[in-house]
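Structural description and commentary
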Amino acid sequence: MKRGDSLYRRLLGWLLLPLLVLGSLILIQAWVDAQRTADRAFDRLLEAASLAIAEQVQWQDDRLWLDLPPAALEMLATDAQERVFYSLVDRQGRLITGNALLPGDPRQGAEDEDTLLYRHIDWQGLSLRQGVRRTRVEDWRVREPFEVRVAHSREGRDALAARLWRANLAMILAMAALATVGLLLAIRAALTPLTRLRRAIRARDPRTLAPLELSLPRELAELRDTVNELLARMRRVRANQERFIGDASHQLRTPLAGLSARAELALRQDDPMRWKEALIAMQATSARTARLAVQLLSLTRLANPEYRPDRVPVELNALACQAVRDHWASCHRQGVDLGVETAGDEVWIHGIDWLLAEAIGNLIDNASRYGGRCVTVKVEHCPPRLIVEDDGPGIPEPRRMLMLRPFHRDRDDLAGSGLGLAIVDGIARTHGARLQLSTGHDGRGLRVVLQFPGDTS
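Residues numbered from 1 in each chain as written. Predicted model: local features only at pLDDT ≥ 70, side-chain atom pairs only at ≥ 80, totals over all residues. Heavy atoms only, no water.

Across its full length, the chain holds 8 helices and 14 strands. For the chain, restricting intrachain contacts to residue pairs at least 6 apart in sequence, the fraction spanning at least 24 positions comes to 61%. (Helix = DSSP H or I, 4+ residues; strand = E, 2+ residues; numbered from the N terminus. Contact = heavy atoms within 4.5 Å.)

Now for the UniProt feature "transmembrane region" (unreviewed entry) in the chain. The UniProt record annotates "transmembrane region" (unreviewed entry) at residues 12–32 and 169–191. In residues 169–191, helix accounts for 100% and strand for 0%; the two terminal C-alpha atoms are 32 Å from one another. (UniProt positions renumbered as here; feature names shortened; annotations may be inferred.)

The next thing to look at is a nonpolar patch on the surface. Residues Trp 14, Leu 17, Val 21, Leu 25, Ile 28, Trp 31 and Val 32 make up a contiguous nonpolar surface patch of roughly 720 Å² in combined accessible area. With respect to the helices and strands, the residue Trp 31 is situated in helix H1 (residues 7–55). (Patch = residues over 30% accessible without salt bridge, like charges linked within 9 Å, V, L, I, M, F, W, Y side chains within 5 Å. Areas by Shrake-Rupley, 256 points an atom, 1.4 Å probe, with all protein chains shown as cover. Salt bridge = Lys/Arg side-chain N within 4 Å of Asp/Glu carboxyl O.)

What follows concerns unusual backbone geometry. The omega torsion across Cys 382 and Pro 383 is -5 degrees, close enough to zero to call that bond cis. Relative to the elements of secondary structure, Pro 383 occurs in the loop between strand S11 (374–380) and strand S12 (385–390). Although it is not a glycine, Gln 124 adopts a positive phi angle of roughly 50 degrees. For Gln 124, the location among the structural elements is in the loop between strand S5 (115–123) and strand S6 (126–136). Its identity as a non-glycine residue notwithstanding, Cys 382 has a phi of 50 degrees, on the positive side. Relative to the assigned elements, Cys 382 resides in the loop between S11 and S12. What makes Cys 382 exposed here is its relative accessible area of 63%. (Buried < 20%, exposed > 50% of the residue type's maximum accessible area, 1.4 Å probe, protein only.)

Two modes of strand pairing occur in sheets, parallel and antiparallel, and in both the strands are linked by backbone hydrogen bonds. A sheet is described by the order of its strands in space; here 5 strands give the open sequence S4-S3-S7-S6-S5, paired in antiparallel fashion. In the strand order of this sheet, the two ends are held by strand S4 (95–98) and S5, each with one partner. Pairs of neighbouring strands in the sheet enclose a mean axial angle of 20 degrees, with direction left out of account. Together, strand S3 (84–90), S5, S6 and strand S7 (145–153) form the strand contacts of H1, whose direction differs from that of S7 by roughly 140 degrees. (Pairing = 2+ DSSP bridges. Axes fitted to C-alpha atoms, helices over the stretch in contact; angles between N-to-C directions.)

This next bit is on the nonpolar core. Within the largest apolar cluster, 40 residues are counted, with the highest numbers of intra-cluster contacts made by Leu 316, Leu 356, Val 377, Leu 386, Leu 450 and Phe 452. Looking at this core, the elements that each hand over two or more residues are helix H6 (316–333), helix H7 (353–369), S11, S12, helix H8 (420–430), strand S13 (434–439) and strand S14 (446–451). The dominant element in this core, judged by the number of residues it contributes, is H7, at 7 residues. Ignoring sequence-local partners within four residues, the contact set of Leu 316 consists of Val 347, Ile 349, Leu 356, Val 379, Pro 384, Arg 385 and Phe 452. Val 57, Leu 64, Val 137 and Phe 146 belong to the second largest nonpolar core, which has 14 residues in total. (Core = buried A, V, L, I, M, F, W, Y, C linked by side-chain atoms within 4.5 Å.)

Where H6 meets H7, the closest approach of the two axes is 10 Å, and the angle between their N-to-C directions is 45 degrees. Taken together, the axes of H6 and H7 lie oblique to each other. Remark: the crossing between H6 and H7 carries right-handed chirality. Together, Leu 316, Leu 319, Ala 320, Ala 323, His 327 and Cys 331 of H6 and Asp 353, Leu 356, Ala 357, Ile 360, Gly 361 and Ile 364 of H7 make up the contact between the two elements. Classifying every residue of the contact of H6 with H7 by side-chain character gives 9 nonpolar, 2 polar and 1 charged. (Parallel < 35°, antiparallel > 145°, perpendicular 65-115°, else oblique. Left-handed = near helix turned anticlockwise from the far one by under 90°. Nonpolar A, V, L, I, M, F, W, Y, C, P; charged D, E, K, R; others polar.)

Counted residue by residue, S3 has 7 buried out of 7 residues, so it is predominantly covered. Note that S3 and S7 share 7 bridges and pair antiparallel. Bridge pairing in S7 places Val 84 opposite His 152. Two strands pair when backbone bridges link them, and S3 and S4 are joined in this way by 3 bridges, in the antiparallel orientation. Bridge assignment links Val 89 to a residue of S4, and that residue is Leu 95.

What follows is about the sheet that holds S12. Spatially, S9-S11-S12-S14-S13 is the arrangement adopted by the 5 strands of the open sheet, whose pairing is mixed. Only two strands of the sheet have a single neighbouring strand rather than two, namely strand S9 (337–341) and S13. For this sheet, the mean angle separating the axes of adjacent strands, direction not counted, is 15 degrees. Note that S11 and S12 share 6 bridges and pair antiparallel. The residue of S12 that forms the bridge with Val 375 is Asp 390. Contacts from H6 reach S9, S11 and S12, with the element oriented near 170 degrees to S9. Strand contacts of H7: S9, S11, S12 and S14, with the helix running at about 15 degrees to S12, the strand carrying the most contacts.

So, about the pattern of salt bridges. Pairing is possible between side chains that carry opposite charge, provided their charged atoms lie close to one another. For the structure shown, the criterion picks out 16 salt bridges. For the salt bridge of Asp 39 with Arg 157, the shortest nitrogen-to-oxygen distance reads 3.0 Å. Of this pair, Asp 39 sits in helix H1 while Arg 157 sits in helix H3 (residues 155–203), and the two are 118 residues apart along the sequence. Overlapping salt bridges bring together Asp 39, Asp 43, Arg 129, Arg 154, Arg 157 and Asp 158 as one network.

Along H8, 9 of the 11 residues are buried, which leaves the element largely enclosed by surrounding structure. Backbone geometry just after H8 places Gly 432 at a positive phi near 70 degrees.

What follows covers the side chain of Ser 368. Following the sequence through the fold, Ser 368 ends up in helix H7. Classification of Ser 368 by relative accessible area gives buried; the value is 8%. If we skip the residues at most four places from it in the chain, Ser 368 touches Gln 334, Val 336 and Arg 373.

Structure below.
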């Protein structure tokens with residue numbers, strides 16, 4: 001919808017358009033009806049005039065004779081000053097009397113008697129309405145057929161049709177005005193619930209996510225319910241965020257408080273060895289805190305629904321080898337045997353390389369932190385799979401799904417943030433991959449599999 005457009009104007013336009021078409025058709029029909037009514041009225045006059053003339057026709061001296069009364073033609077004269085013509089014609093078509101030789105009607109045969117036919121004719125540059133009556137002289141001696149042809153100009157007819165049409169036009173315009181006013185009021189009344197809904201939304205506190213409680217028609221009630229469903233999802237998201245922020249603040253507050261306590265304790269000592277021990281402990285705590293902060297940022301970014309990075313072709317063999325090289329030194333210092341097994345062919349997927357490297361790094365860190373002495377990163381083909389397997393104590397099957405929750409740890413006595421597997425699960429969902437947790441080789445350790453979609457290139 002264009003900016004500045006409104007539902008009111010759209011409804012008004014779509015409703016007025018058929019009304020205009022209907023009004024035009026009504027005006028055309030009114031004009032046609034006015035013409036027909038005027039023709040019927042003046043045709044009755046033609047009928048009466050032709051009948052009056054026919055009744056005066058007599059048979060005298062072996063010929064037709066007409067003594068035309070003035071009233072026979074005066075009845076056709078109106079204020080419009082029409083021109084009136086008549087003809088009395090015998091069976092051979094010869095003019096007996098009249099003020100004009102009017103043409104006959106070719107559609108009327110000689111066998112037709114006591115008939116009256118109307119038609120429009122153009123005669124000597126005039127547009128006339130003609131009535132032709134064919135009848136016979138009713139006499140005991142002879143029955144001579146003849147025709148009475150009467151015609152008059154259209155001024156009176158047109159004037160009467162115009163008056164009738166103007167009367168109808170005034171009524172139609174009055175009805176159109178009432179219909180338009182009624183339509184405007186109806187549209188405003190129909191849109192009143194929408195206005196109430198808009199005002200209710202605008203009047204709400206931006207911080208509240210309570211559902212809308214407003215009585216609305218069925219169509220707008222569906223919109224209200226949809227908005228309430230959105231508010232409910234936002235409440236769940238906000239609750240998750242508040243819970244995550246609370247957990248994150250607790251996780252960060254503990255190592256920060258430890259750093260402060262270590263520093264305060266070291267300042268009370270005079271022995272340099274005590275200082276060194278405190279510095280070593282503070283360095284380890286700060287490293288864990290830095291790692292926790294990085295994991296928190298990663299998890300927050302993955303949880304953001306607006307975060308949609310572009311995927312590019314990624315080769316899993318090269319990615320796994322690089323991740324092993326990046327973590328080999330730290331694993332070697334901890335006495336962890338870190339290795340990689342690549343697939344025979346190149347394995348390409350569409351993904352985000354740094355996110356996948358983050359997932360491998362979290363899995364290696366979890367494996368070495370929770371007792372794994374041998375950690376292997378594997379790449380498999382058909383379907384593309386990325387596997388990290390260790391020989392540590394593993395995770396009992398009933399608790400595996402719980403480990404995907406943020407800040408959930410299997411052992412409280414071990415140092416850790418409980419974010420590693422949660423981040424891996426978020427990265428898997430970002431790539432449309434399936435995350436599987438199972439027991440490692442020979443029934444020991446943990447085997448984590450990221451199986452990617454098969455439509456790779």
